[in-house]
Amino acid sequence: LERLGFLSRQPGTDPPRVRARTERVYRVAHGLDRTLAEQALARAPKQLTLLQALGSAAAPARSTPALRALVEAGFVICEERELVRGSAGEPLVPTEAAPELTPHQKVALGEIAAAIDARRDTQFLLYGITGSGKTEVYQRAAEVALRNGRSVIVLVPEISLTHQVVDRFRARFGDRIAVLHSGLSAGERFDQWRLIREGRVPIAIGARSAVFAPYTD
C-alpha cells in the first residue's frame, strides 16, 4: 500500500510521560506601603495576619479566601515556581575549608590538573586505601575543570555509594550538583537532566548512567 501511494510513513516519537512540576508561591508586592496596607485591612484580621506573615521573598502557602483577597487587592503577588525533584537536602557533612594536601596528593593532583589544562585525553589510576584522601583529589580536580569553564561527571561504582559522595561534594560545591542514577523516579531524572541540559549545574554525580549526562565540555 505504501509503494502504491495509498499510505505514507514518517518517523515519530511518543509524547513525554513526565513534565516540569511547579508550585504557587506568594510574596508581598514590590513597593507596598505596609503601614497603609495594614490600615486598610484593619477590619479584615485574617488578611492582616497573612500580610504580616509574608515577606518580600516568595514562599509557598495554602490558598485561602483571605490570601486570594490579598492577591486581588494587589497587596500580594502570586507566582509559579518550578520544583526540582531529586535534589538532595542539606549535606550531612558540615562545610569545611579545603584541607592541606599531603605530598602524595599534590603529586597526583599536579598530573591530573596538567592534563585537564592541556585538554589531554588521559587516564589515571589513583590508588589508596579507604580514608587516604582520594576524594579530596577528585574534588580538587573538579575545581580545576570548573575554573576552566568546563563540566564534571563523577561516577560511583554503585548506587548505594552515591549519597555519601554527593554529600561530600555538596559540602564543597553547594547546590551546583545534579544526581543521575536508575534509582530515581522518572520525574526526578527528568528534572535533574534538565538542570544539566540548561547549564544550571556543572557537576553530575551518579552510577553508570551518569556518563550520558548532556554536557558539551
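Residues numbered from 1 in each chain as written. Predicted model: local features only at pLDDT ≥ 70, side-chain atom pairs only at ≥ 80, totals over all residues. Heavy atoms only, no water.

Participant: Account for the sheet that holds strand β1 (residues 21–28), naming residues and giving values.
Facilitator: Ordered by their spatial adjacency, 3 strands build an open sheet running β2-β1-β3, and the pairing between neighbours is antiparallel. Two strands close off the open sheet at either side, each with one partner strand: β2 (59–60) and β3 (76–83). Bridge analysis of β1 against β2 gives 2 bridges, and the strand direction is antiparallel. Directly across from Tyr 26, in β2, lies its bridge partner Ala 59. (Pairing = 2+ DSSP bridges. Helix = DSSP H or I, 4+ residues; strand = E, 2+ residues; numbered from the N terminus.)

Participant: Talk me through the pairing of strand β6 (residues 203–206); I want residue IDs and the actual numbers.
Facilitator: Two faces, one strand: in a regular strand the side chains alternate between the faces of the sheet. Burial along β6 is two-sided: Ile 203 and Ile 205 facing one way and Ala 204 and Gly 206 facing the other are all buried. Where strand β4 (residues 152–155) meets β6, 4 bridges bridge the pair, whose relative direction is parallel. The residue bridging Leu 155 from the neighbouring strand is Gly 206, located in β6. Of the strand pairs in this sheet, strand β5 (residues 177–180) and β6 are connected by 4 bridges, and their pairing is parallel. (Buried < 20%, exposed > 50% of the residue type's maximum accessible area, 1.4 Å probe, protein only.)

Participant: Break down the packing of helix α5 (residues 134–147) against helix α6 (residues 162–173) for me, with residues and values.
Facilitator: Where α5 meets α6, the closest approach of the two axes is 11 Å, and the angle between their N-to-C directions is 45 degrees. In terms of axis orientation, α5 runs oblique to α6. In terms of crossing hand, the pair formed by α5 and α6 is right-handed. In this structure, α5 uses Thr 135, Glu 136, Tyr 138, Gln 139, Arg 140, Ala 142, Glu 143 and Leu 146 to contact α6, whose residues at the interface are Arg 168, Phe 169, Arg 172 and Phe 173. Residues of the contact of α5 with α6, tallied by class, amount to 5 nonpolar, 2 polar and 5 charged. (Axes fitted to C-alpha atoms, helices over the stretch in contact; angles between N-to-C directions. Parallel < 35°, antiparallel > 145°, perpendicular 65-115°, else oblique. Left-handed = near helix turned anticlockwise from the far one by under 90°. Contact = heavy atoms within 4.5 Å. Nonpolar A, V, L, I, M, F, W, Y, C, P; charged D, E, K, R; others polar.)

Participant: So, unusual backbone geometry: which residues are in play, and what are the values?
Facilitator: Residues other than glycine seldom take positive phi values, yet Arg 119 does so here, at roughly 55 degrees. Among the structural elements, Arg 119 can be located in the loop between α4 (103–118) and α5.

Participant: Which residues make up the pattern of salt bridges, and what are the values?
Facilitator: Once the charged atoms of two side chains with opposite charge are near each other, the side chains can pair. The tally for this structure, following the rule as stated, stands at 16 salt bridges. Here Arg 172 and Glu 136 are joined by a salt bridge, their closest N and O atoms 2.8 Å apart. Pair noted here: Arg 172 is in helix α6 and Glu 136 is in helix α5, with a separation of 36 residues, a long-range link. For Glu 136, a relative accessible area of 6% puts it in the buried group. Put simply, Glu 198 and Arg 194 hold a salt bridge, and the shortest N to O gap is 3.5 Å. (Salt bridge = Lys/Arg side-chain N within 4 Å of Asp/Glu carboxyl O.)

Participant: Help me get a handle on the nonpolar core, residues and values and all.
Facilitator: The tendency in soluble globular proteins is for nonpolar side chains to be buried side by side. Grouped together as the largest cluster of nonpolar side chains are 23 residues, with contacts concentrated most on Val 152, Val 154, Phe 169, Phe 173, Ile 203 and Ile 205. Secondary-structure elements contributing two or more residues to this core are α4, α5, β4, α6, β5 and β6. It is α5 that provides the largest number of residues to this core, a total of 6 residues. Once residues lying within four places of it in the same chain are set aside, the contact partners of Phe 169 are Thr 135, Tyr 138, Gln 139, Ala 142, Val 154, Gly 174, Ile 177 and Ile 205. Among the nonpolar cores identified, the runner-up in size contains 12 residues, and Ala 37, Leu 51, Leu 54 and Val 76 belong to it. (Core = buried A, V, L, I, M, F, W, Y, C linked by side-chain atoms within 4.5 Å.)

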